[in-house]
Amino acid sequence: MATETLTLGKALNTGLRRALENDPKVVIMGEDVGKLGGVFRITDGLQKDFGDQRVIDTPLAESGIIGTAVGLAIRGFRPICEIQFDGFVYPAYDQIVSQVAKMHYRSQGKVTIPMVIRIPYGGGIGAVEHHSESPEAYFAHTAGLKVVTCANPQDAYVMIQQAIASDDPIVFLEPKRRYWEKGPVDLDAPLSGAYPLHSARVVRPGTDATVLAYGPMVRTALDAATAAAEDGRELEVVDLRTLSPLDLTAVYESVRRTGRCVVVHEAPGNLGLGSEIAARVTEECFYSLESPVLRVTGFDTPYPASRVEEEYLPDLDRVLDAVDRTFGW
Amino acid sequence: MATETLTLGKALNTGLRRALENDPKVVIMGEDVGKLGGVFRITDGLQKDFGDQRVIDTPLAESGIIGTAVGLAIRGFRPICEIQFDGFVYPAYDQIVSQVAKMHYRSQGKVTIPMVIRIPYGGGIGAVEHHSESPEAYFAHTAGLKVVTCANPQDAYVMIQQAIASDDPIVFLEPKRRYWEKGPVDLDAPLSGAYPLHSARVVRPGTDATVLAYGPMVRTALDAATAAAEDGRELEVVDLRTLSPLDLTAVYESVRRTGRCVVVHEAPGNLGLGSEIAARVTEECFYSLESPVLRVTGFDTPYPASRVEEEYLPDLDRVLDAVDRTFGW
Amino acid sequence: MAKGDPAVSSRGRRAAPRSRRAAATAEPELVQLLTPTGERIESATGPDGTEYRVDFTDEEYRGLYRDLVLVRKLDAEATALQRQGELGLWASLLGQEAAQVGSGRALRSQDMAFPTYREHGVLYCRGIDPIMPLGLFRGVDQGGWDPNEFKFNMYTIVIGAQTLHATGYAMGVHMDGKTGTEDGEAVIAYFGDGATSQGDVNEAFVWASVFNAPLVFFCQNNQYAISEPLERQTRVPLYRRAGGFGFPGVRVDGNDVLASYAVTRHALDNARLGQGPSLIEAYTYRMGAHTTSDDPTRYRIASEVEAWQAKDPIARMKAFLDKQQIADDAFFAEVDEQARAEAVHLRERVLELPDPAPVSMFDHVYPHGSPELDAQRARFSTYLESFEGSAH
Amino acid sequence: MAKGDPAVSSRGRRAAPRSRRAAATAEPELVQLLTPTGERIESATGPDGTEYRVDFTDEEYRGLYRDLVLVRKLDAEATALQRQGELGLWASLLGQEAAQVGSGRALRSQDMAFPTYREHGVLYCRGIDPIMPLGLFRGVDQGGWDPNEFKFNMYTIVIGAQTLHATGYAMGVHMDGKTGTEDGEAVIAYFGDGATSQGDVNEAFVWASVFNAPLVFFCQNNQYAISEPLERQTRVPLYRRAGGFGFPGVRVDGNDVLASYAVTRHALDNARLGQGPSLIEAYTYRMGAHTTSDDPTRYRIASEVEAWQAKDPIARMKAFLDKQQIADDAFFAEVDEQARAEAVHLRERVLELPDPAPVSMFDHVYPHGSPELDAQRARFSTYLESFEGSAH
Ligand SMILES: Cc1ncc(C[n+]2csc(CCOP(=O)(O)OP(=O)(O)O)c2C)c(N)n1
Ligand SMILES: Cc1ncc(C[n+]2csc(CCOP(=O)(O)OP(=O)(O)O)c2C)c(N)n1
Ligand SMILES: [Mg+2]
Ligand SMILES: [Mg+2]
């Protein structure tokens, strides 16, 4: 069994390579995905090995990338579109919400758009404006799209392949600040037996409070759990993985046990994923909750200048503070 | 005092006329806003009376409408942009979320974009696809934008003028299925003393449960309250009016009294306004709630073909059903 | 109405200049093979020197005429159905029959088309049951045919979006190795004059050019985008837009079915042979309202409409067939009768279109479904049943 | 580096053709008034027959040279500061000084400019403290100057968005009655070759044309959009894009400060006189990386860079001043010294830029504020104070 230690970025790269190998209809397209290998090198080496008809350098226009990918999908291809940064997906918003999301529905299932839209997202890398955003709610609110995000190299490797193999149109959010974090990746395990794409996962069991996170915040939540354990509090940490549809079965079970729930994400709190989760968890676990579901999120401001982003982003202390508040309610 | 009976559409038209009269920097721009008066005639007669430099027929491109309006705003104008239908705002999404919403912030207050983006929204008029959507959550989740909606002719008349007079960029959502509903409008009352733009309003007092609605659903909620009263249940109905920022002060007070809360909107439930409201109300009124906040919303599908839209849209029965459920929890 | 106006001939080949118009619509340099009075022009030269001609048998000429008449009649029936409340809306093609039949018949069977919401004539030429779009406008579905079966994509209402889909599809044709030979595949993207202002359409121009996609951009310039006249979208003729993106553009008389056919066939064949994209501006006129919701009297004058009446696409074809004795009165009567019968048949079937079941709105959101949606459907079914119960 | 390469002269006016390039970058028909070796060309003719010439005093020539050197030096200092971790990122203008100084100096005081993120040279010409953009790239703010005070908008990172802002602003100039006279106002929109593919930029072309806006589209074609060479964006020269939208386009040698000035001044004056928009393609080269995060060795070859080195904008100006005895060694030394001093001064001030206070992130979200945000700020302040307490 070939388990290697890879960065999350390299795991994605390897997953993409597998997908290109396994299905000749898979194509990658985007700005700078070819010789440069993308600004984060996630497509590094792929054009060299698969040619410029499989790994397509596009003109600089996001609506064009998604719109032409729709046409390729109608033709029978399985396009993987790279959007260079979170803040640059909006020019493609119309194509995504009105075309990609709706085509299967409008055609009563006759047209399938097996597209993956890869977006490096989130902050914490000291970038300038438009390079640190968390747009997941915009997509999760859109019926017809599925939205997933990975938090570790193993998931990155498997989930990207699962997303490509799926006939659903999927927004695949990549936690860019975690691209360089390393972890073991089992390169040989077959996709068929893999943990399902649209399932959340308990990544640390605990008894005292349930902490939900996804993407870049899973590490933060786990760090908080470690710190809490030192204070004698056992946090159960759930990596949501799928943001639309949400998979909250394990969460409900957990919250019924712990009676306390904290949701963590970088995106602004107002109408962020945390609000939907809070609403649902409250509905399902009404009589189990010892305190309301609390949300630890980015503030309701535009993403600020990078010299204050550490204050803007949820961190271990803010997570612990929220957990404390669930106990003090 | 000139109180006239006007349709909601005519009230908007009259409010726009007042704004054009009062401030030479106010301009209206959009597709078909001139001779045609807009497809809903909300700008009827305005180009004729104010000329084509004040009421500007634009090329057919929404990003162009918003993007040039940004430039006009930088130049000192106060543009009111008409988007023809909800489903056609997405090509302008980038300009709205990355430019309009952020310019004041990015410039540390040096640049102000006093823009109003008018969007007829919602279903119930038997239209074809893309003509019945409720995109409010996409805007409310965006820091830097304010979002309001009106539910009756008096509010339409006043709120549109308040929005235009405000220096904040405002998405002004018009409940298109209510354009033809009539009500009294006091045309003379000064703006200065008017009910504040960003305040919710209790439109029917009640004691047994709190029902929140906005825009097209306020009428539905009021009808439900009338029906409930016949069954001996007094529903307190709140017209939210401002969707971002939310004004929930009166709601908290109400829910603390009634112990039950139902939110109604047409937009899909997942990450709709109802989820944010449910999360906040639960946080604020945790010990007062007899049941979780329930949501009566559009389903998590694309807006369906019009022959089933009556089933898709929340109606009196679904509101009453939810109220019943809050009692049976 | 479908008959030629006898006053046409005295007005000569072109209508009087309309003074309201800017340069964009000044007397066009257009490719024409059949004049408004029904005179055949042997051949016509495009701006790049291409010679356009057609060589149809009498049978084929008659076939085109039949198409034009049928397409107009079915469209009129749909308008009538809307007026009677049987459709929520209808976007009539009245006046644009020649552009649509000419380009639609120029498509080879392997070619793929991406329409807007007005291409009922092209849809007809693709062999799709003309009832299909009526389902969309009646509100019973959002597109009924299989785009890949008929090589005709779903209607697209969001202005311009389909031009990118067409471009991507055409890139795929190329990637599949289906260009470069006579039996190669080509793609056609329909859009209106208003659409040329959309970013998407211009991005499609960029993409098609850069990837040398086997694609024909077919712009029906019907002079209006709802109420907005052409000068709100451009100050030069639209066909010239292509040059700035590096591919050829040509303006054709869109009320001339022969020229529309010739120009489109040529462009498609170039595309399938690997010579890349081109833009056709079919210069025509929307004789009716934008849709049945529209009131064109608010923004255009009757004399303008009358001037275009004199260029009617069907009248000129009829005059030509008549003068050349390609068809006789019996033929014209037979075609009218067929059109009438098909319209009646269409009407009957529309009235019978069943309303969709409420729970069907949960179908086909995702190819692989969603547990959350399944739960919503189940709850909603139970909710609906609770009423049925009480009704019993 | 800022010095002229003596090998230049032997290579003649144009570098060897680069075979990798498609038609879009074939030997350009460009307006040039100063050759790479520093020869003055009296006048040059644009594609529409316009004669371009400049008539500068010696003082003015020296001023332009000073601008070029200063702008390059400050830029190099910013790059160095980034390398030392003082900036998060820097987008260098190296190689594009002439296009920026030429166009920037062509602006009259009443004119308004809309930059991308690379127009540090234009910013300098507008009289804005060169430290301003370093705040953005250091991450202490997102734009420090007042656009209306300096008539130079904030930087725009989202590709192409600012071209629509410029168009709207220019429409406003017209609506304010500020065109049609010699002292009228004009607007300039900067963007790159890559940006020409964006829908927004093409919509700006439509709008500017339809509204006859007093606007100059100034495209710095530096041959790359990050790693993508020009042929990914177009297959014909970019300046020709304009014709399809109905306004003039011209390609200028963007490494020639005189020609850049002449062409821009002419276009701006046309605009202010009410003659509408035009497009300038400043043909130049990005000598460095896209930004400090980029590694251009992955996608372009050294010989290409060398060929462009031979066309350096500063070297040619220096050669010209020298040959024509407009400036002597003392002058050149003095300029270098000024540049060095200003760079040192810049560095000192950058190091002193204070970090913003955490709660400042809540400022200026809305002109009229938001109670919800006030509450968030208050809670966050309390939260922060709780740590301060514990730290004591
Ligand atoms: C993105 C978008 N904006 C606005 C509309 C509303 N709308 C529908 S048709 C139309 C005019 C289209 O004009 P044109 O492209 O000339 O086509 P035509 O209807 O004349 O065939 C408009 C503005 C739309 N459907 N999509
Ligand atoms: C909408 C958008 N998409 C992608 C990016 C990422 N990006 C930043 S600069 C750039 C290349 C721009 O190329 P060009 O327009 O030629 O300008 P240059 O950088 O060469 O000056 C890209 C793709 C962006 N900033 N905005
Ligand atoms: Mg039209
Ligand atoms: Mg460039």
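Since the model is a prediction, treat every value here as computed from it, not as a measurement.

A look at the sheet that holds strand 12 (residues 242–244) of chain B
All names here are of chain B.
Here's step 1: Pairing within the open sheet is mixed, and its 7 strands lie in the order 3-2-4-5-7-6-12. The open sheet has two free edges, formed respectively by strand 3 (55–57) and strand 12, since each of these has just one partner strand. Neighbour to neighbour, the strand axes of the sheet diverge by 20° on average, direction disregarded.
Here's step 2: As paired elements, strand 5 (residues 116–121) and strand 7 (residues 170–175) share 6 bridges and run parallel to each other. Counterpart to Val116 in the pairing with strand 7 is Ile170.
Here's step 3: Its contacts with the sheet place helix 7 (residues 153–165) against strand 2 (26–30), strand 4 (78–82), strand 5, strand 6 (146–149) and strand 7, and it is angled at close to 165° to strand 7.

Section: the pattern of salt bridges
Here's step 1: Throughout the structure, instances matching the rule amount to 98 salt bridges over all chains.
Here's step 2: Glu185 of chain C is the partner of Arg75 of chain A in a salt bridge, and the nearest nitrogen-oxygen pair spans 2.6 Å. A residue pair is termed interchain when its members come from two chains, as with Arg75 of chain A in helix 3 (residues 62–75) and Glu185 of chain C in the loop between helix 6 (161–175) and strand 4 (187–192). Neither Arg75 of chain A nor Glu185 of chain C differs from the other in exposure class; each is buried.

Description of the domain arrangement of chain A
Residues and elements named next belong to chain A.
Here's step 1: Looking at chain A, the domain boundaries give domain 1 (3–186) and domain 2 (201–327).
Here's step 2: Using only C-alpha atoms to locate each centre, domain 1 and domain 2 end up separated by 26 Å.
Here's step 3: Summed over both partners, the interface of domain 1 with domain 2 buries about 1900 Å², with 52% contributed by carbon and sulfur atoms.
Here's step 4: Taken as a group, Glu136, Arg177 and Arg178 account for 22% of the area that domain 1 buries against domain 2, more than any other trio of residues on that side.
Here's step 5: Our count for the domain 1 to domain 2 interface comes out at 4 salt bridges.
Here's step 6: Across the pair Arg241 and Asp155 runs a salt bridge, and its minimum N-O distance is 2.9 Å.
Here's step 7: For the pair domain 1 and domain 2, the interface holds 15 residue pairs in polar contact (both at pLDDT 80 or more).
Here's step 8: When residues of the side of domain 1 that touches domain 2 are traced back to their parent elements, those giving at least two are helix 6 (136–140), strand 6 (146–149), helix 7 (153–165) and strand 7 (170–175).
Here's step 9: It is strand 6 that contributes the most residues to the side of domain 1 that touches domain 2, 4 residues altogether.
Here's step 10: Grouping the amino acids of the side of domain 1 that touches domain 2 by side-chain chemistry returns 13 nonpolar, 7 polar and 6 charged.

Some points on unusual backbone geometry
Leaving glycine out, the prevailing phi sign among residues is negative, and the prevailing peptide bond configuration is trans.
Here's step 1: Omega for the bond connecting Ser244 of chain A with Pro245 of chain A falls within 30 degrees of zero, at -5°, which places this linkage in the cis form.
Here's step 2: Its location among the elements puts Pro245 of chain A in the loop between strand 12 (242–244) and helix 9 (249–258).
Here's step 3: The residue Gln223 of chain D is not glycine, and still its phi comes out positive at about 80°.
Here's step 4: Along the chain, Gln223 of chain D falls in the loop between strand 5 (215–221) and strand 6 (224–225).
Here's step 5: Look at Gln223 of chain D and you get buried, because its relative accessible area is 0%.
Here's step 6: With phi around 55°, Gln325 of chain D is a residue other than glycine that occupies positive phi space.
Here's step 7: Here Gln325 of chain D shows up in the loop between helix 11 (313–323) and helix 12 (329–352).

What to know about the coordination of the magnesium ion (ligand 4)
Residues and elements named next belong to chain D.
Here's step 1: For the magnesium ion (ligand 4), the protein coordination sphere consists of Asp193 (OD), Asn222 (OD1) and Tyr224 (O), at 2.0 Å.
Here's step 2: Spacing between the donor residues of the magnesium ion (ligand 4) along their common chain follows D-x28-N-x1-Y. Within this pair, whereas Asp193 is found in the loop between strand 4 (187–192) and helix 7 (199–210), its partner Asn222 is found in the loop between strand 5 and strand 6, the two being separated by 29 residues in sequence.
Here's step 3: Asp193 gets classed as buried once you look at its relative accessible area, which sits at 1%.

As for the environment of Val251 of chain A
All names here are of chain A.
Here's step 1: Following the sequence through the fold, Val251 ends up in helix 9.
Here's step 2: Val251 gets classed as buried once you look at its relative accessible area, which sits at 0%.
Here's step 3: In sequence terms Val251 and Leu212 are 39 residues apart; their C-alpha atoms lie 8.1 Å from each other.
Here's step 4: Apart from residues lying up to four places away in sequence, Val251 is in contact with Leu212, Val238, Leu240 and Val281.

Describing helix 12 (residues 316–328) of chain A
Here's step 1: Taking 1.5 Å per residue, 13 residues should reach 18 Å; helix 12 of chain A reaches 18 Å between its end C-alpha atoms and fits that length.
Here's step 2: All buried positions along helix 12 of chain A are accounted for by Arg318, Val319, Leu320, Ala322, Val323 and Thr326 of chain A.

Conventions we followed
Residues numbered from 1 in each chain as written. Chains lettered and ligands numbered in written order. Predicted model: local features only at pLDDT ≥ 70, side-chain atom pairs only at ≥ 80, totals over all residues. Heavy atoms only, no water. Pairing = 2+ DSSP bridges. Helix = DSSP H or I, 4+ residues; strand = E, 2+ residues; numbered from the N terminus. Axes fitted to C-alpha atoms, helices over the stretch in contact; angles between N-to-C directions. Contact = heavy atoms within 4.5 Å. Salt bridge = Lys/Arg side-chain N within 4 Å of Asp/Glu carboxyl O. Buried < 20%, exposed > 50% of the residue type's maximum accessible area, 1.4 Å probe, protein only. Domains from an automatic or database assignment. Buried area = accessible area lost by both parts, 1.4 Å probe. Polar contact = N/O pair within 3.5 Å; in protein donor to acceptor, adjacent residues only side chain to side chain. Nonpolar A, V, L, I, M, F, W, Y, C, P; charged D, E, K, R; others polar. Donors = N, O, S within 2.8 Å, 3.2 Å for Na, K, Ca; no water. Expected span 1.5 Å × (residues − 1).

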